[in-house]
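# Structural overview for review
Listed here are the chains, written in short residue letters.
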Amino acid sequence: MTAIPFPAPPADSAEVVALRAEFRTFLDEQLKDRTPRQRSDNWYGYDRGFSRAMGQAGYLGMTWPKQYGGHERSAFERAVIVEECLAAGAPVGAHWIADRQSGPSILKFGTEAQKQAFLPRIAAGELSFGIGMSEPDSGSDLAATRTKAVKDGDVYRVTGTKVWTSFAHEADYVILFCRTSGTPADRHMGTSQLLIDLKNTPGLTIKPIIDLAGQHHFNEMHFEDAVVPADMLLGEEGQGWDQVMSELAFERSGPERFLSSIELMVQLIEVLKGRDSDAAQITVGRVTARLAVLRRLSRSVAGMLQEHQNANLQAAIVKDVGALFEQALPDIARELIDAEPDPRAAGAYASVLANIVHNSPSWSLRGGTREILRGIIARGLGTR
Ligand SMILES: Cc1cc2nc3c(=O)[nH]c(=O)nc-3n(C[C@H](O)[C@H](O)[C@H](O)COP(=O)(O)OP(=O)(O)OC[C@H]3O[C@@H](n4cnc5c(N)ncnc54)[C@H](O)[C@@H]3O)c2cc1C
């Protein structure tokens, strides 16, 4: 079995310390009216105004070249911004996917025209993206994708169904993973990525899916001979699999993988304040220690990305261990405090608990299920 290195993350430079302080002031002002229940929405909160404010203040496209609207800062500095946003419960949904994975994919694989058309608008917080990967029979098994794009002169004609597409009803674009030649039996071969204009693609219908919490953030996307300009091909035709794997590496590597229930921890400590209970103190101490270890691991991943090292395996571990932590918190809270989760409660604790109880089952599915991540980890350990 191989030991997996988690190198010591770089110490906070003076710039990082200053950036964190400056950004906290920005968030305090932006989020002053946000309730605990709203803060517990984590990255589901969707607010174009907040995303534009982030863009105007220079907090999006942090690592990208200045010529494309970026700020040429380090991956570690970007991780500080992401961490602070999640810890404060900022409504990041309108820029989250574009800043994290669609923009970096366009920077890596896009044409010069695509970079100029998309990246400055993403960095300004004006352009919102979704992820068009999963299908009814192709979730974990992404290579079985059936959605087909056939080249017809200067357009592609797209037919197929995508499912679980977060924010497709709100966003401007998705990057669609599809088949441009062959059949699903060809697996990784013959797949490509297309940039789809969600507001202006004839033949595309978007239908809502309501989740367990009664909220609408998922959708189904139906393409029926939908017409997409050929210059919206991202990267090379037939190279979609390698490109989509690179996109998933961006998706899996951030601190969002252990901070989803942080508002519950904040509210739990608030309720426990002033209670003279050894059991409560021990439990809160243990939870805090687990959080500190996860944060250390996640900062190690950010440091590796800054050094342009491959951190896919380490990111899979942080996501798996992080999801266990996030999902354990509601039960830990319920053992300490005798209060029922209640979505309509006036008090912060019960409404936050209800939101976390409803949403937490999905945290070990999104971005790759627990079993799939453990397969990646087993291969990395040399046991599979
Ligand atoms: C909150 C949330 C947001 C999402 N947003 C998006 C989005 O914006 N865009 C998008 O494209 N998708 C999105 N998804 C979909 C997500 O990527 C898929 O749900 C996920 O990849 C699993 O696919 P599936 O649902 O088809 O389950 P399946 O792949 O059918 O898996 C069902 C079960 O079988 C297990 N399993 C499957 N294969 C194996 C295997 N080889 N070995 C062991 N066990 C296995 C899985 O672990 C799981 O427990 C989102 C999902 C969630 C929960």
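Please read these numbers as outputs of a predicted model, since none were measured by experiment.

Sheet analysis places strand S6 (residues 204-210) next to strand S7 (residues 216-229), joined by 7 bridges and oriented antiparallel. Following the sheet pairing, Ile209 is matched in S7 by Phe218. Counted along the chain from S6 to the antiparallel partner S7, the turn is 5 residues long, and its residue Gly214 has a positive phi close to 80°.

Contacts to the ligand come from 16 residues, most closely from Ile131, Ser134, Ser140, Thr369 and Glu371. Within the backbone of Met133, an N or O atom sits 3.0 Å from an oxygen atom of the ligand. Trp164 has a polar backbone atom sitting 3.1 Å from a nitrogen atom of the ligand. Relative to its unbound accessible area of 980 Å², the ligand is 66% covered by the protein chains. Grouping the constituent residues of the shell around the ligand by class yields 7 nonpolar, 7 polar and 2 charged. Counting residues domain by domain, the shell around the ligand receives three or more from each of domain 2 (131-238) and domain 3 (252-381).

When the UniProt feature table is mapped onto this chain, "domain: Acyl-CoA oxidase/dehydrogenase middle" (unreviewed entry) is found at residues 131-225. For residues 131-225, helix accounts for 0% and strand for 48%, while the C-alpha atoms at its two ends are 20 Å apart.

This part covers the domain arrangement of the chain. With domains assigned, the chain is organised as domain 1 (14-127), domain 2 (131-238) and domain 3 (252-381). Of the residues lining the interface, 5 residues belong to domain 2; the matching set on domain 3 comes to 6 residues. Interface of domain 2 and domain 3: buried area, both sides summed, is about 380 Å²; carbon and sulfur atoms make up 56% of it. On the surface where domain 2 and domain 3 come into contact, there are 0 salt bridges. Where domain 2 packs against domain 3, one counts 0 residue pairs in polar contact (both at pLDDT 80 or more). For the side of domain 2 that touches domain 3, a count of residues per class yields 2 nonpolar, 2 polar and 1 charged.

The rules we used
- Residues numbered from 1 in each chain as written.
- Predicted model: local features only at pLDDT ≥ 70, side-chain atom pairs only at ≥ 80, totals over all residues.
- Heavy atoms only, no water.
- Pairing = 2+ DSSP bridges.
- Helix = DSSP H or I, 4+ residues; strand = E, 2+ residues; numbered from the N terminus.
- Near = heavy atom within 4 Å.
- Polar contact = N/O pair within 3.5 Å; in protein donor to acceptor, adjacent residues only side chain to side chain.
- Areas by Shrake-Rupley, 256 points an atom, 1.4 Å probe, with all protein chains shown as cover.
- Nonpolar A, V, L, I, M, F, W, Y, C, P; charged D, E, K, R; others polar.
- Domains from an automatic or database assignment.
- UniProt positions renumbered as here; feature names shortened; annotations may be inferred.
- Contact = heavy atoms within 4.5 Å.
- Buried area = accessible area lost by both parts, 1.4 Å probe.
- Salt bridge = Lys/Arg side-chain N within 4 Å of Asp/Glu carboxyl O.

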